[in-house]
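Listed below, chain by chain, are the residues.
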Amino acid sequence: MIVLGIETSCDETAAAVVDDGRRVLADVVLSQLDEHRPYGGVVPEIAARAHLDSLDGLVAEAMRRAGVGFADLDAVAATAGPGLIGGLMVGVTMAKAIAAVHDRPFVAVNHLEGHALTARLTHGVAFPYLLLLVSGGHCQLLAVEGVGRHRRLGTTIDDAAGEAFDKVAKMLALGYPGGPALQKAAETGDPARFPLPRPMKGKPGCDFSFSGLKNAVRLAIPADADTQARADIAASFQEAVADSIADRTIRGVALFRDLHPGVPLTLVLAGGVAANTRLRARLGELAAAEGAELIAPPLALCTDNAAMIAWAGLERFRLGARDGLDFAPRPRWPLDPDAPKRKGAGVKA
Ligand code: KG4
Ligand code: ZN
């Protein structure tokens, strides 16, 4: 079984081909970082236009690298939400056109499910497992129980973790995108110099919050901050985020164990912030202490990509899912519609 996947929900244009032997036959990603850098963030109209400019070339390149023709495809999958509507329309329309012209089935994929099922592509992980999804748009703990069966245990009540990294990096004038730049600055900083709050630490449940921490950083930055002070702020902030996420994850582990008693615990990481080495180290310690296996897919599959979309499409298709060519993109599309609404949590989820 061979599936083409298309991803255009944010600022990466991507196309990939995977098969049911868990092989990634092609995985092409074009980042729009340079287009958005002057604005310090993703500009939706620029993103949509950039997707439109490059998507057909990327699809052709993915098909060429995979060495397959459209007639060889069993299905065509595209991210249909959540995300920026302009980009979603470009990707979904392209996938539907390919499906219509070559008489292939179309499968609409939830971007979050793409992240959620990646560990099954890379590591063949069995259901159920606990997923920590930390990216620029999302921050959630989910019990992944099956294809289309996800239970949201916690989510952010304000900003996503990556958003906080990006905004703090901006305050420190470290450049865009902020996460990697902030991590780099933190390497030479003292994480104990600036006492910062640990949002939500000790609170029941496993929701996240980062906007208070972001404001605390704003107030803590000395007016005459030199390079060392900025590195110390970066390190102190990174430590506070890692602490907060670790606390929330321990509670997520307990909630997961209540739901699935006796199941060996696998903790899976996804999203761009999972690249953070300090966070990874903390979660590694946490998993060891909890007797859990920690699985972090390779970085290129943690950040936005189309292999995860092709794979989620393949998993859904294999179970009989087909979507009509009238399927409308969903800028908001929660993975777990039964989860209680959270203020601000709908940013992209
Ligand atoms: O998953 P992703 O590529 O895109 C979505 O947001 O869906 O995640 C991007 C986010 C950005 O906020 C970026 O600053 C953050 O992940 N990020 C990091 C690191 N690398 C990327 N945050 C902290 N440390 C990093 N090393
Ligand atoms: Zn994503």
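Our subject is the structure listed above.
Residues numbered from 1 in each chain as written. Chains lettered and ligands numbered in written order. Predicted model: local features only at pLDDT ≥ 70, side-chain atom pairs only at ≥ 80, totals over all residues. Heavy atoms only, no water.

## With respect to the coordination of the zinc ion (ligand 2)
Donor atoms from the polypeptide that bind the zinc ion (ligand 2) are His111 (NE2), His115 (NE2) and Asp304 (OD), placed at 2.1 to 2.2 Å. Angles of 87 to 144 degrees at the metal separate the 4 donor atoms of the zinc ion (ligand 2), which places the site in the irregular class. Going along the chain, you hit the donors of the zinc ion (ligand 2) in the pattern H-x3-H-x188-D. Taken together, the positions of His115 in helix α4 (residues 111–123) and Asp304 in the loop between α10 (299–302) and α11 (307–318) put the pair 189 residues apart, joining distant regions of the chain. No difference in accessibility class separates His115 from Asp304, as the two residues are buried. (Donors = N, O, S within 2.8 Å, 3.2 Å for Na, K, Ca; no water. Tetrahedral: all angles 85-135°; square planar, octahedral: opposite > 155°, others 65-115°. Helix = DSSP H or I, 4+ residues; strand = E, 2+ residues; numbered from the N terminus. Buried < 20%, exposed > 50% of the residue type's maximum accessible area, 1.4 Å probe, protein only.)

## A closer look at the site of ligand 1
Within the structure, ligand 1 sits among 17 residues, and Gly136, Asp166, Gly179, Gln183 and Gly272 are positioned closest to it. The contact in question runs from an oxygen atom of ligand 1 to an N or O atom on the backbone of Gly137, over 3.3 Å. For ligand 1, the accessible surface in isolation is 560 Å², of which the surrounding protein chains cover 89%. The pocket occupied by ligand 1, as judged from atoms lying within 2 Å of grid points, is the largest pocket. Of all the secondary-structure elements, those providing two or more residues to the shell around ligand 1 are α5 (161–171) and α6 (178–186). Residue classes in the shell around ligand 1 are distributed as 4 nonpolar, 10 polar and 3 charged. (Near = heavy atom within 4 Å. Polar contact = N/O pair within 3.5 Å; in protein donor to acceptor, adjacent residues only side chain to side chain. Areas by Shrake-Rupley, 256 points an atom, 1.4 Å probe, with all protein chains shown as cover. 1 Å grid on protein atoms, 1.4 Å probe; cavity = no way out; pocket = protein on both sides within 12 Å on 5 of 7 lines; lining within 4 Å. Sits in = over half its atoms within 2 Å of the grid points. Nonpolar A, V, L, I, M, F, W, Y, C, P; charged D, E, K, R; others polar.)

## Focus: the sheet that holds strand β8 (residues 149–155)
Taken in spatial order, the 5 strands make up an open sheet running β8-β7-β6-β9-β10, and their pairing is mixed. Strand pairing shows two members of the sheet lacking a second neighbour, β8 and β10 (293–295), which therefore form its edges. Strand after strand, the sheet turns through a mean of 25 degrees between neighbouring axes, direction not considered. Across 6 bridges, the pairing between strand β7 (residues 139–146) and β8 is antiparallel. Bridging from a neighbouring strand, Val144 pairs with His150 of β8. On top of the sheet, helix α9 (residues 277–290) reaches β6 (129–134), β9 (266–270) and β10; it is set at about 155 degrees to β10, its chief contact. (Pairing = 2+ DSSP bridges. Axes fitted to C-alpha atoms, helices over the stretch in contact; angles between N-to-C directions. Contact = heavy atoms within 4.5 Å.)

## Details of the layout of surface pockets
In this structure, the largest pocket spans a volume of roughly 1,100 Å³. Asp11, Ser135, Gly136, Asp166 and Pro177 are the residues nearest the centre of the largest pocket, which is lined by 42 residues in total. Going through the elements one at a time, β3 (24–31), α4, α5, α6 and α10 are the ones with two or more residues in the lining of the largest pocket. With 6 residues, the single largest contributor to the lining of the largest pocket is α5. The residue inventory of the lining of the largest pocket, partitioned by class, reads 16 nonpolar, 18 polar and 8 charged. (Points joined across faces, edges and corners; volume = space filled by probe spheres on them.)

## Quick notes on the packing of aromatic side chains
Taken as a whole and judged by the stated rule, the model has 4 aromatic pairs. Relative to Phe237, the ring of Phe165 lies with its centre 5.1 Å away and its plane at 80 degrees, an arrangement referred to as edge-to-face. Placement of the pair is Phe165 in helix α5 and Phe237 in helix α8 (residues 227–259), with a sequence separation of 72 residues. Ring plane angle 45 degrees and centroid distance 5.9 Å describe the contact between Phe327 and Trp333, whose orientation is recorded as tilted. With respect to burial, Phe327 and Trp333 carry one shared label: buried. (Phe/Tyr/Trp six-rings, centres within 6.5 Å; stacked < 30°, edge-to-face > 60°.)

## Some remarks on the sheet that holds β3
In spatial order, the strands read β3-β2-β1-β4-β5; together these 5 strands make up an open sheet with mixed pairing. Each edge of the open sheet is held by one strand with a lone partner, namely β3 and β5 (106–110). Strand-to-strand twist across the sheet, computed as the mean angle between neighbouring axes with direction ignored, equals 20 degrees. Where strand β1 (residues 2–7) meets strand β4 (residues 75–81), 4 bridges bridge the pair, whose relative direction is parallel. Counted as the bridge partner of Leu4 is Val76 from β4. Taken strand by strand, α4 contacts β1, β3, β4 and β5, and its axis lies near 95 degrees from that of β5.

That is the geometry; function is a separate question.
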